[in-house]
Amino acid sequence: MKTHLFTLFILLFTVVSLFAFGTKEDSNRQNQVVVYTYDSFLSEWGAAPQLETLFEQQTGYDVVFIDGGDGGQLLARGLLEKDDPQADVIVGIDNNQLNAARSSQIFEAYQPKDAEKNIPQELILDKDWLLVPYDWSHFSLIYNSVSGVPCPTSLEDLTSEVYKNKIILMDPRTSTPGLGFVAWTVAVFGQDYLEFWKKLKPNILTMAPSWSTGYGLFTSGEAPLVISYTTSPAYHVEYDEGEDFKTVIFDQGHVMQIEGMGLLKNSPNQQGGKAFIDFMVSLQAQEILPLTQWMYPVNSQVKLPESYRVAKKATKTLKVDSETLNVAVDAVMELLAY
C-alpha cells in the first residue's frame, strides 16, 4: 500500500511539473520568479497576495506562487525536480527539517542583504545560510475554553480519559506542526516517548494532513484541542472572534519552529530568486507577516499588532536532534498504524 501511494505521489508531481510551466525554452523566466510554498501561505488571508503585489512593485519581477504541499511535501517536490528545477525558491522548510534539506542537496546557500543586522542570532538557522529564516513561533496546544473540558497543564495530562477523541494533531511526515509535536514529545519524555504515544492514541481524533485542515476542524468545533502555535489566538482577536481560543503554556517547555526559505540550485532565475529572498527579510515584507502568517517576524524592527497581547510566550525552549526525530516519526506513525 505504501509503495503504491509513493508511486502515485511521484506520478502526480511529475505531471504537475510538466504542465505547470512548460519547458524552460518556452517560458519567459528572466522576469519571473517561481516560489513553491504551502496552502495557508497562499490563501486569500495568507501572506502571498500582499507579498506578491509589494515584491512586483519594488523589483519589477513577476512572482508566481505554487502550492507544493506542507514542509515534507515541499522537500519531496524539490527532490523530484532536482535535475531540472522548475522553481527558484522554496518557502516553508523549518528548523526541524534543516538536516533533511542539507542532505537533499537541492539548495544553494545565500545570505540576504543586511540579514545579520536585522535577524537575531538565535533565529539564524545555519552559519552558511543554506536556509534563510523569515518567521518563528513556539508550538503549543490551542484550547477552546468554552468546550467544557478541563484545560491541560502538561503533555502528560493529554493522556487522561477526559480527552478521548478530543485532540487534533497533524501528520508529521507532511506537516511541520505535526513534526513539531513529535519533537516536543521526544524532548519531554526522552526514550519513553512511545509510552506516552501509546497512552495518547485513544485521545487523538485525527492526524490531519496539513495545519490548515487540522486547524479548520478545530475552529469548526470538532475537538477542543489542536496543535498549533502560541501566536494563533491573535488571529481570532484581530478579527473580533473573541478570546475563547487560548494558548496553553506548559512549564516543561515548548519546541520552537523557525520557518525558512531556500534558493534552489540551478534554478531558471537565480537572480530573481535572490531578489525574492532579500525582499522577504526586508522590513516592509516582514511587517506583512504578523497579520497573515500569525507568526513572529524574524526582523527585529517590526512592531507587533495589538492583538498579539493574547499570544502567550513559552518560558523554556526545548530542542531535539534531527536524527533522533526522524527515528521517532517512523516509530510513532507505525504505532498509530498510519
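Scroll up for the structure.
Residues numbered from 1 in each chain as written. Predicted model: local features only at pLDDT ≥ 70, side-chain atom pairs only at ≥ 80, totals over all residues. Heavy atoms only, no water.

Engineer: What is the right way to read the overall build of the protein chain from this model?
Structural biologist: In terms of regular secondary structure, the protein chain is built from 13 helices and twelve strands. In terms of overall dimensions, the protein chain is globule-like: its C-alpha atoms have a radius of gyration of 20 Å, near the 20 Å expected for 338 residues. Taking the principal axes of its C-alpha atoms as reference, the protein chain extends roughly 60 × 50 × 35 Å. Taken over 338 residues, the protein chain has a buried fraction of 56%. The long-range fraction of contacts in the protein chain, counting pairs at least 24 apart against all pairs at least 6 apart in sequence, stands at 77%. Of the accessible surface of the protein chain, which amounts to about 15200 Å², a share of 50% is contributed by carbon and sulfur atoms. Each charge sign in the protein chain was given a centre, from 24 positive and 42 negative side chains, and these centres are 5 Å apart. (Helix = DSSP H or I, 4+ residues; strand = E, 2+ residues; numbered from the N terminus. Rg over C-alpha atoms; globule rule 2.2 N^0.38 Å. Buried < 20%, exposed > 50% of the residue type's maximum accessible area, 1.4 Å probe, protein only. Contact = heavy atoms within 4.5 Å. Areas by Shrake-Rupley, 256 points an atom, 1.4 Å probe, with all protein chains shown as cover. Lys, Arg positive; Asp, Glu negative; His and termini not counted. Charge placed at Lys NZ, Arg CZ, Asp CG, Glu CD.)

Engineer: Would you take a moment to explain the side chain of serine 154 for this structure?
Structural biologist: With respect to the element layout, serine 154 can be found in the loop between strand 5 (132–144) and strand 6 (167–170). A polar contact is formed between the side chain of serine 154 and the side chain of glutamate 156, at a distance of 3.2 Å. Setting aside its immediate chain neighbours within four residues, serine 154 contacts Phe250 and Gln252. (Polar contact = N/O pair within 3.5 Å; in protein donor to acceptor, adjacent residues only side chain to side chain.)

Engineer: For this particular structure, what's the right way to read the packing of aromatic side chains?
Structural biologist: Here the distance between the centres and the angle between the planes together describe a pair of aromatic rings. All chains considered together, the criterion is met by 24 aromatic pairs. Judged by centre distance (6.3 Å) and plane angle (45 degrees), the ring pair of phenylalanine 276 and phenylalanine 279 falls under tilted. In this pair, phenylalanine 276 and phenylalanine 279 are both assigned in helix 11 (residues 270–280), three residues apart and thus about one turn of the helix distant. Here the aromatic residues Tyr38, Phe41, Phe55, Tyr61, Phe65, Tyr134, Phe276 and Phe279 are joined through ring pairs into a cluster of three or more. For arginine 77, the ring lying beneath its charged end belongs to tyrosine 36, and the centroid distance is 4.2 Å. Cation over ring: lysine 313 sits above tyrosine 296, and NZ or CZ is 5.2 Å from the ring centre. (Phe/Tyr/Trp six-rings, centres within 6.5 Å; stacked < 30°, edge-to-face > 60°. Lys NZ or Arg CZ within 6 Å of the ring centre and 35° of its normal.)

Engineer: Just to check I follow, could you spell out the pairing of strand 6 for this structure?
Structural biologist: Both faces of the sheet carry side chains from a regular strand, because those side chains alternate between them. In strand 6, alternate side chains face the same way, and those of Ile167 and Leu169 on one face and Ile168 and Met170 on the other are all buried. Where strand 6 meets strand 7 (residues 204–208), four bridges bridge the pair, whose relative direction is parallel. Residue pairing across strands places isoleucine 168 opposite threonine 206, the latter belonging to strand 7. Pairing of strand 6 with strand 8 (residues 225–229), which is carried by two bridges, proceeds in the parallel orientation. Within the sheet, the bridge partner assigned to isoleucine 167 lies in strand 8 and is leucine 225. (Pairing = 2+ DSSP bridges.)

Engineer: I would appreciate a short explanation of the nonpolar core in the present structure.
Structural biologist: Generally speaking, soluble globular proteins have nonpolar side chains that are buried together. Counting 60 residues, the largest nonpolar core has Phe41, Leu51, Phe107, Met261 and Phe276 as the members making the most contacts within it. Of all hydrophobic cores here, the second largest spans 48 residues; its members include Ile168, Tyr193, Leu200 and Met295. (Core = buried A, V, L, I, M, F, W, Y, C linked by side-chain atoms within 4.5 Å.)

Engineer: Even after reading the chapter, I still don't get the pattern of salt bridges, so can you show me in this structure?
Structural biologist: Two side chains that carry opposite charge are able to pair once their charged atoms sit near each other. Counted according to the given criterion, the structure contains eight salt bridges. In this structure, arginine 102 and aspartate 126 form a salt bridge, with 2.9 Å as the shortest nitrogen-oxygen distance. Here arginine 102, found in helix 5 (residues 98–104), pairs with aspartate 126, found in the loop between helix 6 (115–118) and strand 5; they are 24 residues apart in sequence, far enough to count as distant. A residue is classified by how much of its surface remains accessible, and arginine 102, at 35% relative accessible area, is partly exposed. Aspartate 126 sits in the buried class, given a relative accessible area of 9%. Between lysine 198 and glutamate 195 there is a salt bridge, with its nearest N and O atoms 3.3 Å apart. (Salt bridge = Lys/Arg side-chain N within 4 Å of Asp/Glu carboxyl O.)

Engineer: Would you mind showing me how to read the environment of proline 224 here?
Structural biologist: Relative to the helices and strands, proline 224 resides in the loop between helix 9 (211–219) and strand 8. By relative accessible area, proline 224 is classed as buried at 8%. Those residues in contact with proline 224, other than ones at most four positions away along the chain, are Ile142, Tyr143, Asn144, Ser147, Val149, Lys166 and Phe218.

Engineer: Explain the packing of helix 7 (residues 176–189) against helix 8 (residues 193–200) to me, please; I cannot follow it from the model alone.
Structural biologist: Packed helix pairs are characterised by how far apart their axes lie and by the angle those axes make with each other. The contact between helix 7 and helix 8 brings their axes to 8 Å, and the two run at 125 degrees. The orientation of helix 7 with respect to helix 8, classified from their angle, is oblique. Residue-level inspection shows Phe181, Val182, Thr185, Val186 and Phe189 of helix 7 in contact with helix 8, the latter providing Tyr193, Phe196, Trp197 and Leu200. Taken together, the residues of the contact of helix 7 with helix 8 sort by class into eight nonpolar, one polar and no charged. (Axes fitted to C-alpha atoms, helices over the stretch in contact; angles between N-to-C directions. Parallel < 35°, antiparallel > 145°, perpendicular 65-115°, else oblique. Nonpolar A, V, L, I, M, F, W, Y, C, P; charged D, E, K, R; others polar.)

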